[in-house]
Amino acid sequence: MKLEDNTTHHDNPRLIHINDPKKTCDNSQFSGNEIRTSKYTLLNFLPKNLFIQFHRVAYLYFLAIAALNQLPPLAVFGRTVSLFPLLFVLTVTAVKDGYEDWRRHRSDRNENNREALVLQSDEFRPKRWKMIQAGEVLKISSDEAIPCDMVLLGTSDPSGIAYLQTMNLDGESNLKTRYARQETNKLFLEGTMISGIITCEQPNRNIYEFMANMELNGHCLPLSQSNIILRGCQLKNTEWVVGVVVYAGQDTKAMLNSAMSPSKRSRLETYMNRETFWLSVFLLIMCLVVGLGMGLWLNRHKSQLDTLPYYRKVYFQKGKDGKKYKYYGIPMETFFSFLSSIIVFQIMIPISLYITMELVRLGQSYFMIGDRHMYDSVSNSRFQCRSLNINEDLGQIRYILSDKTGTLTENKMEFKKASIWGKSYGDSKAGGSREIDAGVEEAMVSVRKWKLKSEITPDPELIKLSYKDLHGEERIAAYDFFLTLAACNTVIPILTGSPSISGSSLRDGHTSIEYQGESPDEQALVAAASTYGYTLFERTSGHIVIDANGDKLRLDVLGLHEFDSVRKRMSVVIRFPNGSVKVLVKGADTSMFSILKKDLPCDDRMRHVTQVHLNDYSSEGLRTLVVAARGLNGELLEEWQQMYEDACTSLVDRVVKLRQAAALIECNLTLLGATAIEDRLQEGVPEAIESLRQAGIKVWVLTGDKQETAISIGLSCRLLTADMHQIVINGNSEHECRKLLCDAKAKYHVNSASCFDDITNLKRKTELNFLEMASQKKSSNMSPQITGEEDRPTFGPLALIIDGNSLLFNLATLCMVVLCCRVAPLQKAGIVDMIKSRTDDLTLAIGDGANDVSMIQMADVGVGICGQEGRQAVMASDFAMGQFRFLKRLLLVHGHWNYQRLGYLILYNFYRNAVFVLMLFWYILCTAFSTTSALTDWSSVFYSVIYTSVPTVVVGILDKDLSHKTLLKYPKLYEAGHRQESYNMSLFWITMVDTLWQSLVLFYVPLFTYRESTIDIWSMGSLWTIAVVILVNVHLAMDIQRWVFVTHAAIWGSIVVTYGCMMVLDSIPVFPNYGTIYHLVKSPVYWITILLITVIGLLPRFIFKVCHQIFWPSDIQIAREAEILRKRRPFFGSNADQDSS
């Protein structure tokens, strides 16, 4: 049998015995239908969660610190106190993870306990989903969810059709159609039980492909993706369906595709690790100083050790000898001192910074989601933050790589023009309809029986051609042209108020018809065919029915070759009622012109005229397709049928075999014409692109459209402007592309290796087809001999593929704008990867369709558009929005704010912890290098967790250096992120110098003011604790740009809370600092000391800021001062100026 022939070479196919789950599952260990999306169980939660958390190296560092503090010689802090910071962080994260997993458990439990009707003892009975097995036959009713992957055996529709909503699976809202084989559907409708064997491929995650065969009554029936319904889908507009389970539970395609998107880390967090390394170096140096100092001190006083506390060999207790003191010797005491100092200085590496950053990002996301300016009323979609760890990257984007269709355009296709048999239609004005003669007007009555959801204004000349009783080649071409538009697709017609159908004509009636399809292009073409009299109103797996100018035309579908990225065309083989067979083909011009017949001179003339029309359409920004057909008969038809049947029943290389079968008939075609569809720009796209370019962001558009279409769209959306130099790389061969690229580099003075060397190194895998490169003219001082109008221009590259070559990339880096044409989805990802691997710049990819997913996931920041092509791009993205124009606000406003806030937040946290550690360091240097502390254990722990944490979070969420209107009005302010003005190494070192000064002031001012007093060390520690909290909070207050009530409450409230905590701690009798705060506050010296510390500590910083803002103001500072002036003197400015504040 053919089945055996086609499967013998397949590796371990899966055998499903229909309605025999015992036999199916006995032979193989198939997965049950119980699903589990949770990470943890009660038994493994603690170890597994801790294992995941300790992937952060900083946590391991603090675990080591806590472990060291448990050793008796190193117990600087209380053993419980030393564990508190780490335990707090681990507990908070564990609670969050546990809650999220509990919700997953609850969802899994609800899902597994749902019920479905399963065939048992010749009748359908309810059964829980988790008990369903492969091989069982299920019945699903309308609006019910599909519990597992099933091959359709029958439906309530006599034609075997079923409608599915796949939104939960692929995000697409339009209905999909699936078919039961007529052989099985007929048996079910007759009430006959089915038994057979399905041989299918092993479980895989490809939701768009399925290869299997069904052995039924000695016949081998091919099964494809159109015969399977997947878990997660929902049955719509179909009363019931019956199917057999082939994949269950974890084997279903939905579960295999449930993996999360690749995690991304922000650039700022990467830089933070660099500074953390330097802080570690500082920590090591301080610990070495303490350890070596201890060793030298012990060596100097070794003769006195027996008389010194902590070093005498025996403790004295009540005049008697007590327990012996374990003295380890100078080398070991030095080593222990080094380890103890690590424990004391541990917060130099800020563990609280990780939680602070997470909280700040969460708050920033809340305000981004709630921004009413990024709400799309058309799609009723709000802005979405799907990733919380890269908010700040939005403020440093250098490259935007955008899809065109559905991202820059609306993806609402409208048929505009057509070229039929060498004549262009669609240029006539609406007024021309008066020229339609009475005969045509009468013939048009039939089409009015069909009411489309979206009406199209017909072209009068095309109406005449479609309805007039013409003869000859032109009439035949027009007939086949519209027939191809109506038949060569996968669109499903949905009728309401359908008239009765009898004979060869349709009775009078009124029918509303809506077309559901996976492609807006196909829907537009089918709607256009209906407008001109060729209405598709019925489709099954074996035939379609078309109302052709009032006559019912039933066409048998012998085979369908769907569009693929290799062939770039689609074809359908149909048999007419008179027995004749034709193949109808539509596709891209690059793939179609090479397969047209060239027998006669008129063929060449027709091809040339159509090509001219295509160029004209493309230059207007219209999307084009070429339409062709040919008759099939005799041996060619039989040969194709044999190849097609073998390919459909093959489990090995089915796609390749189908492509070979298509190539057999997709040749020597007769050119019928071409179509032109308009995809209008979204609202606000030109203004958004202009602002992004002014912000110093390079915009690259990656599209599958042809060159002329891309140029036209580029001009209309202001991607290309009149003052730009354009260079076109339009090569059809590798050699030609190399030569054009070399010439472009030579003409525009691109400095790199020799052109010959670059060509030699060009990757063979690079596929350059049509490339449009354009860039903005910019003056340059790199070549002094080029001046005036001859200033060196910059340019942008185009269709770069996965392994982009250096020759093309050198040209690309000089451009502000790039148009890449004829780009495949993987090529889009390749271009993003090239930029990321060759530059340090951040990339943002934005798209709306499944073909943009790889690009979105590859980029540093991925943005999905909630568009017409489903929600795959949204589900794979980091951020999602309804319109491209919102990208302007997302980057220029929220991106700027987020970067400025997080940059300052990190530096402030480094400063806040370092000033505290350095203060302890100076104290240790004055106490014989011992690691004793004047501060209580709890004060040291609470410092970064309670005393100073809240203000940093509030400022990180709410502070704004500029208003949103100012940032939108002056896009160049965004370049502050490119220059890394908020976070860089220079700022880090300046911060560290300032920290060093403030720590010296903190330590020595109290020593000076209390130099002649008898104050005890715990009182001094209490003073240092409150002084450092006040100092860092006033430091923070100096840098706040936007004061609101919450900010005031956080800054000054944290000082009040610190006093409150200290009063509580000082009221506990067992603590050594008992009552110190109550004595200190009574002394004026105490308050004067705090004032002196604050003023002297912050004075250099204040002077530096004043001088810098007066003599070297930044763009941000100038814009801020302008805002302040407008607020104070609004009558000097315009209303717009007032609003900008």
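Notes on the structure in this doc start here.

Parameters at a glance
Residues numbered from 1 in each chain as written. Predicted model: local features only at pLDDT ≥ 70, side-chain atom pairs only at ≥ 80, totals over all residues. Heavy atoms only, no water. Patch = residues over 30% accessible without salt bridge, like charges linked within 9 Å, V, L, I, M, F, W, Y side chains within 5 Å. Areas by Shrake-Rupley, 256 points an atom, 1.4 Å probe, with all protein chains shown as cover. Salt bridge = Lys/Arg side-chain N within 4 Å of Asp/Glu carboxyl O. Helix = DSSP H or I, 4+ residues; strand = E, 2+ residues; numbered from the N terminus. Expected span 1.5 Å × (residues − 1). Buried < 20%, exposed > 50% of the residue type's maximum accessible area, 1.4 Å probe, protein only. Arc of directions from axis to C-beta. Axes fitted to C-alpha atoms, helices over the stretch in contact; angles between N-to-C directions. Parallel < 35°, antiparallel > 145°, perpendicular 65-115°, else oblique. Left-handed = near helix turned anticlockwise from the far one by under 90°. Contact = heavy atoms within 4.5 Å. Nonpolar A, V, L, I, M, F, W, Y, C, P; charged D, E, K, R; others polar.

Considering a nonpolar patch on the surface
Okay, so step 1: Taken together, the side chains of Leu-1099, Phe-1102, Ile-1103, Val-1106, Ile-1110, Phe-1111 and Trp-1112 define a hydrophobic patch exposed on the protein surface, amounting to about 750 Å² of accessible area.
Okay, so step 2: Tracing the backbone through its elements, the reader meets Ile-1103 in helix α37 (residues 1084-1111).

Description of the pattern of salt bridges
Okay, so step 1: In this structure the tally under the stated criterion is 33 salt bridges.
Okay, so step 2: One salt bridge in this structure joins Lys-417 and Glu-620, with 3.0 Å as the shortest N-O distance. With Lys-417 in strand β18 (residues 414-420) and Glu-620 in the loop between α17 (601-619) and β30 (623-632), this residue pair connects regions lying 203 residues apart in the sequence.
Okay, so step 3: Connected through salt bridges with shared partners, the residues Lys-972, Glu-975, Arg-979, Glu-981 and Asp-1115 form a single ionic network.

Some points on helix α18 (residues 634-648)
Since there are 3.6 residues in each turn of an α-helix, residues three or four apart along the chain are aligned in direction.
Okay, so step 1: The end-to-end C-alpha separation of α18 is 21 Å, in line with the 21 Å expected for 15 residues at 1.5 Å each.
Okay, so step 2: Burial in α18 covers these residues: Leu-637, Trp-640, Tyr-644, Ala-647 and Cys-648. Down the axis of α18, the buried set is contained in an arc of 95°. They therefore lie on one face. Turned more than 90 degrees away from the buried face of α18, the exposed residues are Glu-635 and Glu-638.

Here we look at unusual backbone geometry
Okay, so step 1: Positive phi, close to 60°, is recorded for Phe-929, a residue that is not glycine.
Okay, so step 2: In this structure, Phe-929 sits in the loop between α28 (886-925) and α29 (937-947).
Okay, so step 3: One non-glycine residue with positive phi stands out, namely Gln-980, at about 55°.
Okay, so step 4: As for its placement among the helices and strands, Gln-980 is situated in the loop between α32 (975-978) and α33 (985-1009).
Okay, so step 5: The partly exposed category is assigned to Gln-980, whose relative accessible area is 24%.

Comments concerning the packing of α28 against helix α34 (residues 1017-1039)
How two helices sit against one another is set out by the angle between their axes and by the gap between those axes.
Okay, so step 1: Packing of α28 against α34 leaves a shortest axis separation of 11 Å and a crossing angle of 160°. Between α28 and α34, the angle is such that the two are roughly antiparallel. As for the relative orientation of α28 and α34, their crossing is right-handed in sense. Note on element contacts: α34 touches α28 through Ile-1017, Trp-1024, Val-1028, Leu-1031, Val-1032, Asn-1033, His-1035, Leu-1036 and Asp-1039, opposite Tyr-904, Tyr-908, Tyr-911, Arg-912, Val-915, Phe-916, Met-919 and Tyr-923.
Okay, so step 2: Residues that form the contact of α28 with α34 fall into these classes: 13 nonpolar, two polar and two charged.

Digging into the side chain of Ser-949
Okay, so step 1: Mapped onto the elements, Ser-949 comes out in helix α30 (residues 949-958).
Okay, so step 2: Residue classification places Ser-949 among the buried positions, given a relative accessible area of 13%.
Okay, so step 3: Ser-949 has contacts with Arg-912 and Ser-944, leaving out every residue within four places of it along the chain.

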